[in-house]
Amino acid sequence: AKHLKAAARLCQQEHGGRIPQTLEGLLELPGVGPKMAHLTLAAAFDRFEGLCIDTHIHRIANALGWLRPRTKTPEQTRIALEAWLPRREWRDFNI
């Protein structure tokens, strides 16, 4: 609840009461990381600027050997997958 209240306050003060429509703006909100920021851009604004990678996708991608060398964090996995997955596939991958 603390992050939600702080995010709402920031949206009100800095963004005219609206949800930020940029990756940078979303990442400034308390409790919002890259996965949720990319998901919000995709779902709310139909913008696909990156893949939504969480711990589970990170582990699966490494277990299946999709990434060489193996990645250590979900953010490293996101960057590695974006490098080889065609951008036109990002929409379906994020669903």
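Our structure's up above, just so we're on the same page.
Below, the structure is looked at part by part. (Residues numbered from 1 in each chain as written. Predicted model: local features only at pLDDT ≥ 70, side-chain atom pairs only at ≥ 80, totals over all residues. Heavy atoms only, no water.)

### What to know about helix α1 (residues 2–14)
Test applied: Only DSSP runs of H or I with at least four residues qualify as helices, and only runs of E with at least two residues qualify as strands; both kinds are numbered from the N terminus onward. Multiply 1.5 Å by the residue count of a helix minus one, and that product is the helix's expected span.
In this model, α1 (13 residues) spans 18 Å end to end at C-alpha, consistent with the 18 Å of a helix rising 1.5 Å per residue. Downstream of α1 by one or two residues, Gly16 has phi in the positive range, about 60 degrees.

### Examining the environment of Arg70
Our working rule: Buried residues are those whose accessible area, probed at 1.4 Å on protein chains only, stays under 20% of the maximum for their type, while exposed residues exceed 50% and partly exposed ones sit between those limits. Contacts were defined at the residue level, with two residues in contact if any of their heavy atoms lie within 4.5 Å. Pairs of N or O atoms are called polar contacts if they sit within 3.5 Å, as long as, within protein, a hydrogen donor faces a hydrogen acceptor (for residues adjacent in sequence, only side-chain-to-side-chain pairs).
Position of Arg70 among the secondary structure elements: in the loop between α4 (55–63) and α5 (74–84). Judged by its relative accessible area of 53%, Arg70 is exposed. With 62 residues separating them in the primary sequence, Arg70 and Ala8 have C-alpha atoms 37 Å apart. Excluding residues within four positions of it along the chain, Arg70 makes contact with Asn62 and Ala63. Side-chain polar atoms of Arg70 contact the backbone oxygen of Asn62, separated by 3.2 Å.

### With respect to helix α3 (residues 34–45)
Compared with the 16 Å implied by 1.5 Å per residue over twelve residues, the 16 Å span of α3 between its first and last C-alpha is a close match. Where α3 is concerned, the buried positions are Ala37, His38, Thr40, Leu41 and Ala42. Of the surrounding elements, those touching the buried residues of α3 are α2 (23–27) and α5. Positive phi shows up at Asp46, right after α3, with a value of about 55 degrees.

### Focus: unusual backbone geometry
The omega torsion of the bond from Arg68 to Pro69 falls at -5 degrees, within 30 degrees of zero and hence cis. Counting through the fold element by element, Pro69 comes out in the loop between α4 and α5. Even without glycine at this site, Asp46 takes up a positive phi of about 55 degrees. Along the chain, Asp46 turns up in the loop between α3 and α4. Residue classification places Asp46 among the partly exposed positions, given a relative accessible area of 48%.

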